[in-house]
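Descriptive structure summary
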Amino acid sequence: MTNYKIVVLPGDGIGQEVTTEAVKVLRAVGQGVGVGFEFEEALCGGAAIDAHGTPIPGATLDLCRTADAILFGAVGGPKWDDLPPEQRPERGLLALRKELDLFANLRPAKLFPMLVDASPLKRSVVEGTDLLVIRELTGGLYFGEPRGIEKIQGGMRGINSMIYTTPEIERVARLAFEVARKRRRKLTSVDKANVLAVSTLWRQVVMEVSQDYPDVTLEHMLVDNCAMQLILNPLQFDTLVTENTFGDILSDEAAVLAGSMGMLPSASLGGKTALYEPVHGTAPDIAGRDLANPIAAILSAAMLLRYSLDLPAEAERVETAVLRVLEKGYRTKDIHSEGTTLVGCRRMGELIVRDLETLYT
Ligand code: NAD
């Protein structure tokens with residue numbers, strides 16, 4: 001029997017509640033399809049600061065390097081808000097991404113039909129939205145040197161540098177074409193090639209890579225237009241790829257299309273071991289009260305099955321179970337509306353596991 005080692009980093013707040021449910025779902029998949037999962041839990045974020053004085057202990061990093069995949073919850077909370085930036089819980093996640101060379105962040109924004117009314121956009125615009133933003137995660141403005149604030153004559157000067165090399169663009173473009181190939185074979189590359197030199201190079205490299213993917217339709221879109229098109233006509237998009245800063249902004253915008261934060265999964269790919277996490281944070285306002293929506297974490301586990309373990313049929317089974325439980329009218333508080341049945345985090349997890357089990361019988 002194939003055995004997979006999954007490192008679970010629940011982190012803080014609702015991270016702990018939602019990863020517990022996602023692990024139950026993976027266990028059910030394991031039983032259903034006959035693969036073994038070995039789950040190893042480790043500390044990260046605020047919990048790790050409290051126990052070891054660092055957001056990402058060496059032992060956690062070592063464990064992650066040996067895993068087939070990492071299931072991550074969320075980190076942070078008011079308890080650690082006053083720490084200096086370099087000691088905060090979020091540093092743990094950044095260090096992990098860097099250490100594992102996770103250069104591409106995948107964020108699907110799929111609107112479930114029964115949640116159309118939870119979207120701030122009109123039904124006629126948003127119904128049927130099913131897109132995926134791929135954001136380059138380790139380069140560009142957030143990492144480029146020189147950076148900083150310096151004194152100049154007559155005041156101060158702030159500097160950040162947007163830098164991309166050909167190999168950095170090529171690897172994320174290649175990954176994007178591969179992903180688009182498994183979806184509806186349309187890739188939109190987003191840049192600002194009318195103004196930025198970096199974007200001119202970006203576009204050039206993406207076009208070169210596209211030669212290897214004649215079956216995927218490539219289009220280029222300027223970032224300002226893309227921001228507008230996402231809310232005017234989201235149905236035109238399938239897979240989007242863009243650099244770090246543009247991706248940060250556009251993926252949040254795309255997230256809003258799909259309604260609640262509690263529904264949005266993500267994957268960070270690149271090196272040997274990938275990391276899967278819900279898009280949301282630790283939600284201190286509801287933590288520890290069984291109110292969190294575990295669906296984002298469960299759909300992140302589905303992405304883990306698809307991208308790290310190459311089990312697309314099992315990923316689809318999990319997504320179907322989520323859909324069917326929503327179809328039956330069960331809702332956590334964040335997506336609850338009149339006429340639906342309110343359930344807590346644990347119960348929602350239980351319902352999805354039970355539905356999944358029926359898909360294996
Ligand atoms: P948040 O995502 O934690 O919460 C925003 C709002 O959405 C809250 O009202 C919360 O109750 C709600 N919400 C979020 N996830 C939910 C879920 N699964 N079910 C139901 N409701 C949900 O964002 P925030 O309040 O800005 O941040 C809280 C903490 O989380 C901060 O310390 C922040 O730094 C951290 N954070 C961590 C990550 C991460 O680890 N990747 C991401 C974002 C924020």
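By convention here, each chain's residues receive numbers from 1 onward along its written sequence. It should be noted that, the model being predicted, local features are given only for residues of pLDDT at least 70 and side-chain atom pairs only at 80 or more, the latter also being counted only at that level, while totals for whole chains, interfaces and linings use all residues. Only hydrogens and water are set aside; all other atoms, that is, all heavy atoms of the structure, feed into the side-chain values.

**Structural notes on empty space enclosed by the protein**
- As defined here, a cavity is a set of points on a 1 Å grid over the protein atoms alone where a 1.4 Å probe fits but cannot get out. A pocket is an open set with protein on both sides within 12 Å along at least five of seven lines, and residues line them when an atom is within 4 Å of a point. Grid points are joined across faces, edges and corners, and a volume is the space filled by probe spheres set on the points. Scanning all chains against the criterion turns up one cavity of 30 Å³ or more.
- The space that makes up the largest cavity amounts to roughly 40 Å³.
- Along its surface, the largest cavity is lined by Arg 107, Pro 108, Ala 109, Val 133, Ser 251, Ala 254, Ala 255, Leu 264, Pro 265 and Val 279.
- Elements with a contribution of two residues or more to the lining of the largest cavity: strand S4 (104-110) and helix H9 (244-257).
- Classification convention: Asp, Glu, Lys, Arg as charged; Ala, Val, Leu, Ile, Met, Phe, Trp, Tyr, Cys, Pro as nonpolar; all other residues, Gly among them, as polar. When the residues that make up the lining of the largest cavity are grouped by side-chain class, the tally is eight nonpolar, one polar and one charged. Secondary structure follows DSSP: runs of H or I at least 4 residues long count as helices, runs of E at least 2 residues long count as strands, and numbering of each begins at the N terminus.

**Quick look at the nonpolar core**
- In terms of nonpolar packing, the biggest core is built from 73 residues, with Leu 106 and Ile 134 touching the most fellow members.
- Here this core gets nine residues from one element, more than from any other, and that element is helix H10 (residues 295-307).
- Boundaries between domains were set according to an automatic or database domain assignment. A domain-level breakdown of this core finds at least three residues from each of domain 1 (1-112 + 260-361) and domain 2 (120-257).
- In what follows, residue pairs with any heavy atoms lying within 4.5 Å of each other are defined as contacts. In contact with Ile 134, other than residues within four places in its own chain, are Ala 104, Asn 105, Leu 106, Val 172, Leu 175, Ala 176, Val 179, Thr 239, Leu 240, Val 241 and Thr 242.
- Here the nonpolar core consists of buried residues drawn from Ala, Val, Leu, Ile, Met, Phe, Trp, Tyr and Cys, with membership extended through side-chain atoms lying within 4.5 Å. Burial classification: accessible surface area is computed with a 1.4 Å probe over protein chains only, and a residue below 20% of its type maximum counts as buried, one above 50% as exposed, and the rest as partly exposed. Of all hydrophobic cores here, the second largest spans 18 residues; its members include Val 190, Met 221, Leu 230 and Leu 240.

**Comments concerning the site of the ligand**
- Taken together, 21 residues are adjacent to the ligand, and Val 75, Glu 90, Gly 281, Ala 283 and Asn 293 come closest.
- Backbone polar atom of Ala 283 to an oxygen atom of the ligand: 2.8 Å apart, as the coordinates give it.
- Reported accessibility uses the Shrake-Rupley method at a 1.4 Å probe radius. Residues are deemed covered only where the shown protein chains occlude them. Here the ligand has 810 Å² of accessible area as a free molecule, and 68% of this is covered by the chains.
- Within the shell around the ligand, the residues separate by chemical class into 10 nonpolar, seven polar and four charged. Being near a molecule or strand, for a residue, means having at least one of its heavy atoms within 4 Å of it. For the purposes of these results, a polar contact is taken to be a pair of N or O atoms within 3.5 Å, where, inside protein, one atom must be able to donate a hydrogen and its partner to accept one; residues adjacent in sequence count only when each atom of the pair is a side-chain atom.

**A word on the sheet that holds strand S11 (residues 265-269)**
- A pair of strands is treated as paired once DSSP finds two or more bridges between them. As summarised here, the arrangement of the 10 strands in space is S2-S1-S3-S12-S11-S4-S5-S10-S8-S9, forming an open sheet in which the pairing is mixed. Looking at strand neighbours, the two that pair on one side only are strand S2 (36-41) and strand S9 (217-222), the edges of this open sheet. Along the sheet, successive strands turn relative to each other by an average axial angle of 25°, direction set aside.
- The pairing of S11 with strand S12 (residues 274-278) spans four bridges and is classified as antiparallel. Within S12, the position partnered with Ser 268 by the bridge is Leu 275.
- To obtain each axis, a line is fitted to C-alpha atoms, and for helices this fit is confined to the stretch in contact; angles are then taken between N-to-C directions over 0 to 180 degrees. Set on the sheet, helix H1 (residues 14-33) makes contact with strand S1 (3-11), S2, strand S3 (69-74) and S12; between it and S3 the angle comes to about 150°.

**A look at the packing of aromatic side chains**
- Classification of ring pairs rests on two measures: the distance between centres of Phe, Tyr or Trp rings, Trp counted by its six-membered ring, which must be within 6.5 Å, and the angle between planes, read as stacked under 30 degrees, edge-to-face over 60 and tilted in between. Under the criterion given, the structure shown has four aromatic pairs.
- Relative to Phe 37, the ring of Tyr 4 has its centre 6.0 Å away and its plane inclined at 35°; by these criteria the two rings are tilted. Here Phe 37 lies in strand S2 and Tyr 4 lies in strand S1, a separation of 33 residues in the sequence. In this structure, Tyr 4 and Phe 37 share a single accessibility class: buried.
- Seen from their ring centres, Phe 177 and Tyr 213 are 4.9 Å apart, and the 10° between their planes marks the pair as stacked. Pair noted here: Phe 177 is in helix H6 (residues 166-182) and Tyr 213 is in the loop between helix H7 (197-210) and S9, with a separation of 36 residues, a long-range link.

**Considering the side chain of Ser 266**
- Its place among the elements puts Ser 266 in strand S11.
- According to the relative accessible area criterion, Ser 266 is buried, its value standing at 2%.
- In this structure the side chain of Ser 266 is engaged in a polar contact, spanning 2.9 Å, whose partner is the backbone oxygen of Glu 277.
- Contact partners of Ser 266, with chain neighbours within four places excluded, come to Asn 105, Leu 106, Arg 107, Leu 275, Tyr 276, Glu 277, Val 279, Ser 300 and Met 303.

**Re the side chain of Thr 245**
- Counting through the fold element by element, Thr 245 comes out in helix H9.
- For Thr 245, a relative accessible area of 12% translates into the label buried.
- Residues in contact with Thr 245, not counting those within four places in the same chain, are Leu 141 and Tyr 142.

**Considering the pairing of strand S7 (residues 155-159)**
- Both strand S6 (residues 148-152) and S7 contribute to a ladder of five bridges, which runs antiparallel. Bridging from a neighbouring strand, Lys 151 pairs with Met 156 of S7.

**What about the domain arrangement of the protein chain?**
- Domain assignment breaks the protein chain into domain 1 (1-112 + 260-361) and domain 2 (120-257).
- Summarising the inter-unit geometry, the C-alpha centres of domain 1 and domain 2 are found 25 Å apart.
- Of the residues lining the interface, 16 residues belong to domain 1; the matching set on domain 2 comes to 21 residues.
- Here domain 1 packs against domain 2, burying approximately 1800 Å² in sum over the two surfaces, 61% of which is carbon and sulfur.
- Here the quantity called buried area is the total loss of accessible area, with a 1.4 Å probe, experienced by two parts when brought into contact, counted for both. When the buried surface of domain 1 facing domain 2 is broken down by residue, Phe 103, Arg 107 and Leu 111 rank first, second and third, together holding 39% of it.
- The term salt bridge refers to a pairing of a side-chain nitrogen on Lys or Arg with a carboxyl oxygen on Asp or Glu at a separation within 4 Å. There are two salt bridges connecting domain 1 and domain 2.
- When the shortest N-O distance is used, the salt bridge between Asp 101 and Arg 171 registers 3.5 Å.
- The tally of links from domain 1 across to domain 2 stands at seven residue pairs in polar contact (both at pLDDT 80 or more).

**Focus: helix H12 (residues 345-359)**
- Across its 15 residues, H12 extends 22 Å between first and last C-alpha, which sits within 8% of the 21 Å expected from 1.5 Å per residue.
- Those residues of H12 that are buried are in contact with H1, H10, helix H11 (312-327) and strand S13 (330-331). Multiplying one less than the number of residues by 1.5 Å gives the expected span of a helix.

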